[in-house]
Amino acid sequence: METAGKNWAVKQIYDIYTISNSLTLKKDFDRCSSDLINDAISKGCCKSKEDFSFKDCYEDKLYSFASKGDYRRQYTMDSLRSNARNIDVGYMKRILRSHCNDKVGNFRSGSMKSICMHGGGVISSQTTGSMIAQLRSGSITLWCTNTSLPCLSLYKPYWFIENKELFFTEEQQSEAVEYWKKNELLHRMVLNGQIADISSFTAKRDEVEAQLMKLADQVKSDEDKIEVMRLAKQSEQELCKILSDSISTAKKKRWNLNLYYNWYWKKQNNSLNS
């Protein structure tokens, strides 16, 4: 479903589809709000139903161009189609960690042309969290980072079970924010060039994820799920220590030659620490 004010359009998906900060439906929707076409005609978007395109009529062209939503969507659609019969959790992780072959691969250049988005550009945003829903045999496993930058973060398995110990409640918003901030500070040290080589960290993270995926496939009871989630939480803490130790022994901070990038992150870091 895509919406524009009170108007909406719906398309039934049978195989693969992706979205990314831009409207995608044109004439290929199955149902729509009752006044959609008349509203479009009155706005001057089209002369008749045959001329109508939901995207062309209602999309904010400037916002769409600046956010690069069409660019990212094309990348994810092409990626999924090229591997249509072999899409699994591991493949979804690779897509969500992708920088779309853009310069952001060095961790120190902001770009909107990236699935794993890094801040620092003139028009800038950053991935805050990432999630994969794995549905099979009537069960649901959620693989979540709970932290920003999937290219650095650990995907951890979660299940819908009654165990408040492993989840933040509505009353624990401050604790949840502190958890995110702790990881975010480490990520920003990487972005700011305080560690040059993170290959050993990501290799260890990949080992942990492989272990978690194997264990997640073997769970049979809620007790098993709780143990795997506890291990994931402990493993994340250990990975954070590895990254923290790497940063503490790294050379002096290397400033980016892009003055705007340096100003942007100085401002963001001051806001995070305030």
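Thresholds applied
- Residues numbered from 1 in each chain as written.
- Predicted model: local features only at pLDDT ≥ 70, side-chain atom pairs only at ≥ 80, totals over all residues.
- Heavy atoms only, no water.
- Helix = DSSP H or I, 4+ residues; strand = E, 2+ residues; numbered from the N terminus.
- Buried < 20%, exposed > 50% of the residue type's maximum accessible area, 1.4 Å probe, protein only.
- Contact = heavy atoms within 4.5 Å.
- Polar contact = N/O pair within 3.5 Å; in protein donor to acceptor, adjacent residues only side chain to side chain.
- Pairing = 2+ DSSP bridges.
- Axes fitted to C-alpha atoms, helices over the stretch in contact; angles between N-to-C directions.
- Disulfide = S-S within 2.5 Å.

A. Local environment of the environment of Y71. Mapped onto the secondary structure, Y71 falls in helix 4 (residues 69-82). Classification of Y71 as partly exposed rests on a relative accessible area of 36%. For the pair Y71 and K113, spaced 42 residues apart in the sequence, the C-alpha separation amounts to 6.6 Å. Not counting chain neighbours up to four residues away, the residues in contact with Y71 comprise C100 and K113.

B. Layout of unusual backbone geometry. Phi is positive for N21, close to 55 degrees, though the residue is something other than glycine. As for its placement among the helices and strands, N21 is situated in the loop between strand 2 (7-10) and strand 3 (31-32). Classification of N21 as partly exposed rests on a relative accessible area of 46%. The phi dihedral of K68 is positive, around 60 degrees, even though this residue is not glycine.

C. Representation of the side chain of Q126 in the model. Note that Q126 resides in the loop between helix 5 (89-96) and strand 4 (131-136). From its side chain, Q126 meets the backbone nitrogen of G119 in a polar contact 3.1 Å long. Side-chain polar atoms of Q126 contact the side chain of E184, separated by 3.2 Å. Among all residues touching Q126, those that are not within four sequence positions of it are M117, H118, G119, S148, L149, E184, L191 and W265.

D. Focus on the sheet that holds strand 6 (residues 156-158). Pairing is antiparallel in the open sheet, where three strands are placed in the order 4-5-6. Strands at the two margins of the open sheet, each flanked by one partner only, are strand 4 and strand 6. Strand-to-strand twist in this sheet, taken as the mean axis angle between neighbours without regard to direction, amounts to 25 degrees. In the sheet, strand 5 (residues 139-144) pairs with strand 6 via three bridges, with the strands oriented antiparallel. Across the sheet, W143 pairs through a bridge with P157, a residue of strand 6. Each of strand 4, strand 5 and strand 6 touches helix 7 (residues 199-218); the most contacted strand, strand 5, lies at about 165 degrees to it.

E. Spotlight on the state of the cysteines. Evaluated as defined, the whole model comprises one disulfide. Sulfur-sulfur distance for the disulfide between C45 and C57 comes to 2.3 Å. With the S-S bond torsion at 70 degrees, the cross-link from C45 to C57 turns out right-handed. With C45 in the loop between helix 1 (36-43) and helix 2 (54-58) and C57 in helix 2, this pair connects stretches of sequence that are 12 residues apart. Using a relative accessible area of 32% as the deciding quantity, one classes C45 as partly exposed. Relative accessible area serves as the criterion here: at 12%, C57 is assigned to the buried category. Considering cysteine sulfurs only, C116 is the nearest to C151, which forms no disulfide, with 3.6 Å between them. Given the relative accessible area of 8%, C151 is considered buried. Looking at C240, it has no disulfide partner, and the nearest cysteine sulfur is the one in C151, 14 Å off.

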